[in-house]
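Residues per chain are reported as follows:
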Amino acid sequence: MKPTSLGQVAVLAEGLLLNGSPDRPVTSVHFDSRQLEAGGLFVAVRSERDGHDFLPSAVAKGAAAAIISDEAKIPPDLPRDFGLILVNDTVRAFEKWAGKYRNQLTLPIIAVTGSNGKTTTKDITAHLLSQAMSVYKTYKSFNNHLGVPYSLLQIDECHQAAVLELGMNHAGEIDRLASLVRPRISIITNIGDAHLEFFGSRRKIALAKGELLPHTARDGLVLLNGDSPYLQQITHLYPGKTLFYSVERPADLWAEEIATSERGTSFIVRFASGEAFPVALPLFGKHNVANSLPAIAVAREMGMEPAAIAQALATLKISAMRFEVSTAASGAVVINDAYNASPASMEAAIETFAQILPGRKKVLVLGEMLELGKESARLHAEVGTFANQYRERFALLVTIGEAARPLHDAYQGEKRHVPDKAAAAALLAAHNDGEHAILFKASRGICLETLVASLLENKQP
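Reference entry: report on the structure contained in this document. (Residues numbered from 1 in each chain as written. Predicted model: local features only at pLDDT ≥ 70, side-chain atom pairs only at ≥ 80, totals over all residues. Heavy atoms only, no water.)

What follows concerns the pairing of strand 18 (residues 333-336). Where burial is concerned, the two faces of strand 18 agree: the one with V333 and I335 and the one with V334 and N336 are both buried. Bridge count between strand 17 (residues 324-327) and strand 18: four bridges; the pairing is antiparallel. Residue pairing in the sheet places S326 in a bridge with V334 of strand 18. Hairpin remark: strand 17 followed by strand 18, antiparallel, with five residues in the connecting loop; positive phi at G331, about 100°. (Buried < 20%, exposed > 50% of the residue type's maximum accessible area, 1.4 Å probe, protein only. Helix = DSSP H or I, 4+ residues; strand = E, 2+ residues; numbered from the N terminus. Pairing = 2+ DSSP bridges.)

Here it is as structure tokens:
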């Protein structure tokens, strides 16, 4: 963020300066006291824990000030020069600050949302653009009501573009975030069953994701996945230029001649204008081809030449736990795709795993998919049925947790069901050798990465 003063923050956050000099510099901001830097400002957010309880920690970290909403929680021994800005709602004040800060920015902002693939799409887009300019991208998956204001405030004069990820699990959340971001280019990766528990249907999810479109600059660009039928039904929400991309059929841009090797995936990018060029990703799966297409379109829109795009894609690295391939000390190939899971992403991982590493005995380790509501049993079973078409390529399916049992029951190949990660670790010990490849996937809340780490280190989780 641009260096500012305590008084300026009070104005932007629409708060009352209770303590500290209005001229005191503020050099950074965070809502997590553990991440604070000296000279920074702490936003005391009430969530599972009350951020006001961490004001002493903020002081100890060398913070310059805090935004608070509860005067009764001010520590009695607070340093006299520690700044305090009083507001009615610290989250809303954080958003107001970020929104007004956004008004000062002139660089193009690219916003990415969707049921699956948004972090990977964000990473690919930022990687391509960074070959030609200075780019800020959302840190990890800071894509919610706290992460998006935080991301906006990290943008400064050195950046020439920003790629921000927007997430949600309830209607209205994308509308609120997009009103802050106001992107020049918007991407919706797909509409799946993620958060179905809160919406009831994919149509409702499409409408919620579509809240991004009216906030996109009218002279900008919207990129939609043409293989997601629900996205074709919301184009009326944006009156400007809209492009569809596809991995299944010709569109405004599409991929063809998709081929997988042990090094990743290659394909031809083809535009409706007639332009076409070959690229290769060090990533696996048709779903990652789909994730790369809008990134390629953004790069072309912003002036990158095809040769530069192809060269940049070859050096791509994405965020951890997204089909992250490692080799254990035992020699086993371990694939950590456990950052999150929905039916669509689970099926994409299964299909991709079936197509690679032909010399290995393959073990699928699938945990529960959360937030599927009353459709959970049906959707888990559908994933098991989907996996049946590849069962001859898998040595074993291991399902973990009661919600994953319908997946286990629907699968017709060699399989085992276990109640928890400890039982899975004991079972997988026999497969942790140089002959096997093991894929892990589940929802974020299952924390399968602990099981992955134990297998890589040959320890109990």
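Where strands meet in a sheet, backbone hydrogen bonds hold them as pairs that are either parallel or antiparallel. Strand order across the open sheet formed by five strands is 2-7-6-5-4, with mixed pairing between neighbours. Either end of the sheet is taken by a strand with one partner, and the two such strands are strand 2 (16-19) and strand 4 (28-30). Averaged over all adjacent pairs, the angle separating strand axes in this sheet is 25°, with direction ignored. The pairing of strand 4 with strand 5 (residues 40-43) spans three bridges and is classified as parallel. Among the inter-strand pairings, H30 is bridged to a residue of strand 5, identified as F42. Relative to strand 6 (residues 65-68), helix 3 (residues 90-103) is tilted by about 120°, and along the sheet it contacts strand 4, strand 5 and strand 6. (Axes fitted to C-alpha atoms, helices over the stretch in contact; angles between N-to-C directions. Contact = heavy atoms within 4.5 Å.)

What follows concerns the environment of A299. On the secondary structure map, A299 appears in helix 9 (residues 286-301). Put simply, A299 and I309 are ten residues apart on the chain and 7.3 Å apart in space, counted from C-alpha to C-alpha. With residues near it in sequence (within four places) discarded, A299 still touches L128, L129, M304 and I309.

Turning our eyes to something else, we now look at the sheet that holds strand 19 (residues 361-366). On the basis of which strands lie adjacent, the open sheet formed by six strands has the order 17-18-22-19-20-21 and mixed pairing. Among the strands making up the open sheet, the edge pair consists of strand 17 and strand 21 (415-418). Across this sheet, the average inter-strand angle for adjacent strands is 15°, counted without regard to direction. Sitting on the sheet, helix 11 (residues 343-355) is in contact with strand 18, strand 19 and strand 22 (436-441), with an inclination near 170° to strand 19.

Our next topic: the packing of helix 4 (residues 118-129) against helix 9. As a packed pair, helix 4 and helix 9 sit with axes 8 Å apart at the nearest point and diverge in direction by 35°. Crossing of helix 4 over helix 9 shows right-handed handedness. Contacts from T120, T121, I124, T125, L128 and L129 of helix 4 reach helix 9 at N288, N291, S292, P294, A295, I296, V298 and A299. Here the residues of the contact of helix 4 with helix 9 are counted per class, giving eight nonpolar, six polar and no charged. (Left-handed = near helix turned anticlockwise from the far one by under 90°. Nonpolar A, V, L, I, M, F, W, Y, C, P; charged D, E, K, R; others polar.)

The next thing to look at is unusual backbone geometry. Residue F323 is not a glycine yet carries a positive backbone phi of 50°. With respect to the element layout, F323 can be found in the loop between helix 10 (306-313) and strand 17. At L357, a residue that is not glycine, the phi angle is positive and equals roughly 50°. Within the secondary structure, L357 sits in the loop between helix 11 and strand 19.

The next subject is helix 15 (residues 449-457). For an α-helix the count is 3.6 residues per turn, leaving residues at separations of three or four pointing the same way. Here helix 15 has its buried residues at L451, V452, S454 and L455. Looking straight down helix 15, one finds its buried side chains confined to an arc of 165°; they lie on one side. Where helix 15 is buried, its residues meet strand 18, strand 19, strand 20 (396-400), helix 14 (421-428) and strand 22. Once helix 15 ends, the next one or two residues include N458, with phi positive near 60°. (Arc of directions from axis to C-beta.)

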